[in-house]
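Commentary on secondary and tertiary structure
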Amino acid sequence: MNGLLSPALSRDLSASLVVFLVAMPLCMGIAIASGVPAEMGLVSGIIGGLVVGLIGGSPLQVSGPAAGLAVIVYEIVRTHGVEILGPMLVAAGILQMAGGVLRIGQWFRAISPAVVHGMLAGIGLLIVAVQLHVLLDADPLAGGLDNLIAIPEAFVDVFDDDNGLNGEMALALGLVTILGMLGWERFRPKALRLLPGALIGVVAATALAFALELPVKRVDVPADLVAGLSLPAVSEFARLLEPTIVVATLGMALIASAESLLSAAAVDRMHDGARTNYDRELGAQGVGNTLCGLVGALPITGVIVRSSANVQAGAATRLSAILHGAWILGFVALLPWLLAEVPTASLAGVLVVTGWRLIGFRHVRELLHRHGFLPAMIWGVTFTIVVAVDLLSGVLVGFALALVEVVPHLRRRHLLIRRHETGDGASEMRLAGSATFLHLPRLARELEAVPEGAELRLKTHRLAYIDHTCREMIADWAARRANAGASVRLDGGEAKHEQRLAAVLPSA
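Since the model is a prediction, treat every value here as computed from it, not as a measurement. (Residues numbered from 1 in each chain as written. Predicted model: local features only at pLDDT ≥ 70, side-chain atom pairs only at ≥ 80, totals over all residues. Heavy atoms only, no water.)

1. Looking at the overall build of the chain
Defined as follows: Comment: elements are numbered from the N terminus, with helices defined as DSSP H or I runs of at least four residues and strands as E runs of at least two. In this treatment the radius of gyration is a C-alpha quantity, and the globule benchmark scales as 2.2 Å times the residue count to the 0.38 power. Contacts were defined at the residue level, with two residues in contact if any of their heavy atoms lie within 4.5 Å. Areas reported as accessible are Shrake-Rupley estimates using a 1.4 Å probe. Residue values count occlusion only from the protein chains shown. When charges are counted, Lys and Arg are positive and Asp and Glu negative, with His and the chain ends excluded. The location of each charge is read from NZ of Lys, CZ of Arg, CG of Asp or CD of Glu.
Along the chain, the regular secondary structure elements total 21 helices and six strands. A globule of 508 residues ought to have a C-alpha radius of gyration of about 23 Å, and the chain, at 23 Å, matches this closely. Seen along its three principal axes, the alpha-carbon backbone of the chain occupies a region of about 75 × 55 × 45 Å. In the chain, 80% of the contacts between residues at least 6 apart in sequence involve partners at least 24 apart. Carbon together with sulfur atoms contributes 65% to the accessible area of the chain, which is approximately 21,400 Å² in total. For the chain, the separation between the mean place of its 37 positive charges and that of its 41 negative charges on side chains is 14 Å.

2. As for the layout of surface pockets
Worth spelling out the cut-off: Residues are said to line a cavity or pocket when one of their atoms sits within 4 Å of a point; the points come from a 1 Å grid over protein atoms alone, cavities being sets where a 1.4 Å probe fits but cannot get out and pockets being open sets with protein on both sides within 12 Å along at least five of seven lines. Grid points are joined across faces, edges and corners, and a volume is the space filled by probe spheres set on the points. Residue classes follow a fixed rule: Ala, Val, Leu, Ile, Met, Phe, Trp, Tyr, Cys and Pro count as nonpolar, while Asp, Glu, Lys and Arg count as charged, and any other residue, Gly among them, counts as polar.
Taken as a whole, the second largest pocket holds about 570 Å³ of empty space. Considering the residues around the second largest pocket, the lining is formed by 31 residues, among which Val 71, Ile 72, Glu 75, Asp 390 and Leu 391 are closest to the centre. For the lining of the second largest pocket, the leading source of residues is helix H3 (residues 67–80), giving eight residues. The class makeup of the residues in the lining of the second largest pocket is 19 nonpolar, nine polar and three charged.

3. A word on empty space enclosed by the protein
It is the rolling of a water-molecule-sized probe over the atoms that shows where space remains empty. In the structure shown here, the tally under the stated rule is three cavities of 30 Å³ or more. Approximately 80 Å³ is the volume found for the largest cavity. Along the walls of the largest cavity sit Met 40, Val 82, Glu 83, Leu 85, Gly 86, Ser 230, Pro 232, Gly 296 and Ala 297, which together make up its complete lining. Taken together, the residues of the lining of the largest cavity sort by class into five nonpolar, three polar and one charged.

4. Looking at the nonpolar core
As a reminder of what qualifies: Definition of nonpolar core: a set of buried residues of the types Ala, Val, Leu, Ile, Met, Phe, Trp, Tyr and Cys, connected through side-chain atoms within 4.5 Å. Think of it in three bands: residues with accessible area under 20% of the maximum for their type are buried, residues over 50% are exposed, and the middle band is partly exposed, with areas taken using a 1.4 Å probe on protein chains only.
Core analysis: the biggest nonpolar cluster contains 101 residues, and Met 28, Leu 42, Met 88, Leu 298 and Ile 328 have the highest contact counts within it. With 28 residues, the next largest nonpolar core counts Ile 417, Leu 431, Leu 443 and Leu 458 among its residues.

5. Here we look at unusual backbone geometry
Here the phi dihedral of Arg 103 falls at roughly 60 degrees; this positive angle occurs in a residue that is not glycine. Structurally, Arg 103 can be placed in the loop between helix H4 (85–101) and helix H5 (113–134). Residue Asp 137 is not a glycine yet carries a positive backbone phi of 60 degrees. Assignment of secondary structure puts Asp 137 in the loop between H5 and helix H6 (144–149).

6. Considerations on the packing of H5 against helix H15 (residues 344–359)
This is how the line gets drawn: Axes here refer to lines fitted to C-alpha atoms; in helices the fit is confined to the stretch in contact. Angles between the N-to-C directions go from 0 to 180 degrees. Any angle from 65 to 115 degrees is called roughly perpendicular, while one under 35 is roughly parallel, one over 145 is roughly antiparallel, and all others are oblique. By the definition used in this description, the sense in which the near helix is turned from the far one sets the handedness, with an anticlockwise turn below a right angle giving left-handed and a clockwise turn giving right-handed.
Taken N-terminus to C-terminus, the directions of H5 and H15 make an angle of 155 degrees; their axes are 7 Å apart at the nearest point. By the angle between their axes, H5 is roughly antiparallel relative to H15. H5 and H15 meet at a crossing whose hand is left-handed. Across the interface between the two elements, Leu 120, Ala 121, Ile 123, Gly 124, Leu 125, Ile 127, Val 128, Gln 131, Leu 132 and Val 134 from H5 touch Thr 344, Ala 345, Ala 348, Leu 351, Val 352, Gly 355, Trp 356, Leu 358 and Ile 359 from H15. Residues belonging to the contact of H5 with H15 are distributed by class as follows: 15 nonpolar, four polar and no charged.

7. Let's talk about the packing of aromatic side chains
The criterion, for reference: Stacked, tilted and edge-to-face are the three classes applied to pairs of Phe, Tyr and Trp rings, where Trp contributes its six-membered ring and a pair requires centres within 6.5 Å; stacked means planes under 30 degrees apart, edge-to-face means over 60, and tilted covers the rest.
Summed over all chains, the structure comprises six aromatic pairs. With a centroid separation of 6.5 Å and 70 degrees between ring planes, the pair formed by Phe 361 and Phe 383 is classed as edge-to-face. One end of the pair, Phe 361, is in helix H16 (residues 361–371); the other, Phe 383, is in helix H17 (residues 373–388), and 22 residues separate them in sequence. Classification of Phe 383 as buried rests on a relative accessible area of 15%. When the ring of Trp 379 is compared with that of Phe 383, the centres are 5.2 Å apart and the planes differ by 10 degrees; the resulting orientation is stacked. Taken as a pair, Trp 379 and Phe 383 lie in helix H17 at a separation of four residues, close to a single helical turn. For Trp 379, a relative accessible area of 5% gives the class buried. By the ring-pair criterion, three or more aromatic residues cluster together here, those being Trp 356, Phe 361, Trp 379 and Phe 383.

8. Notes on the state of the cysteines
To be explicit about the condition: Our working definition of a disulfide is a cysteine sulfur pair at a distance within 2.5 Å.
Evaluated as defined, the whole model comprises zero disulfides. Free cysteine: Cys 27, not disulfide-bonded; nearest cysteine sulfur from Cys 292 at 10 Å. Overall, the relative accessible area of 0% leaves Cys 27 in the buried class.

9. Section: the pairing of strand S5 (residues 456–466)
Quick note on the threshold: Whether two strands pair comes down to DSSP finding at least two bridges between them. Look down the strands so they point away from you; if the path from the first strand over the helix to the second goes clockwise, the crossover is right-handed.
With respect to burial, S5 is a largely interior element, eight of its 11 residues being buried. Strand direction decides the pairing type here: strand S4 (residues 427–435) and S5, joined by eight bridges, are parallel. Note that in S5 the partner of Ala 432 across the bridge is Arg 462. Sheet topology note: the S5/strand S6 (residues 488–491) ladder contains four bridges and is parallel. Of the residues in S6, the one forming a bridge with Leu 456 is Val 488. Handedness of the S5-helix H20 (residues 468–483)-S6 crossover: right-handed.

And the structure:
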């Protein structure tokens, strides 16, 4: 094949197949976790590939239904009905498109890492709590905290002799999926390293259920994908004026945008190609979500799991993301009967692992070690409120606490940046004032303007303060440049914030 195709096309074609294999079980699993039919997740995956992949501002990012929105969608469907999801998604998509036009995409980079990781950890725990019930072929409870509390009782009921063996068989299939997924990722042959563990686990459990004809719940996939969608009724758009719907729509737009753009920033750290245009990416996500709303599908975001698989598989251009959407469309159109054999407990097993990895307790340890008590506390409070109350409340409280960190330094609210090229091929940047998340977009632009391969001499003698959001951004930038052979040399004083900046730099 490599002899017949250009190197870039060959890389994109092989990478698209890898991403397709990663995306298929997640598209169905996230739909089921959201309380909607599997086909809604599959259509979202198709739109995320064919549409957002074509027009997005992050060339190697892959979009589709994301675990991060499963919790909020599940609550919307449970409280307001699935009929309102389409209109809400259209409204959220329009807000995202407006954000792209108004060039506010770059500001999402300024969200505190403590809030983001706390939010993702809370989402991860809620996903695990819900999917453990699905793993037993049982119906989840209404609230996330209720699901968490009810887990011990659910497992006791499964092994109750009066309840039959269905729950035990479903649990066995879920465990086969989890063990197959983790075992493959740990012991897979080098030649097959790109074959995703989630696919191996799902295939193993599906084959076992089919061979033994186990009476467990399976994915309900219609023979005609279009017929399985529920298009939004015009009358439902009037409900967008209800206060609770307005708040939920704003929350969906905010969280979908933040997850997409933070994922894009993470993808940029994985490769040395073209950087993300955040405003274009935000607008593209809006177009995708508007289309998803109009056809009755799930919301989409940039997804770090698929995107990282895309980069690791060697994708060269956006064609890989586009082709992965085409593979999903072809598979669903030609082989719906095969998807209908997949046990829901198997998909739950995939999401239990996915949710657990989202929790990432290592993030709070890193925040404490690298940035001190306050960012770690912000993580903890955000995490707790997301689990105990709801997603939007957790994010808003976390953001408010992040403001507390910078309030004492608002009297020196200006940040002066002076950068010039030195005679020996290096760049020198002087910072003065206070560097907080309010200045992050401008600071990021100045750093990106430093020539590739040039050493950066960062002078911070007159820097009164730098918050952990800016420290993380500088550290990520420095780590990426270090991979290309460049270095960052810090020339500063002994202030605590300067010491913490020095501690996170690769050259420190």
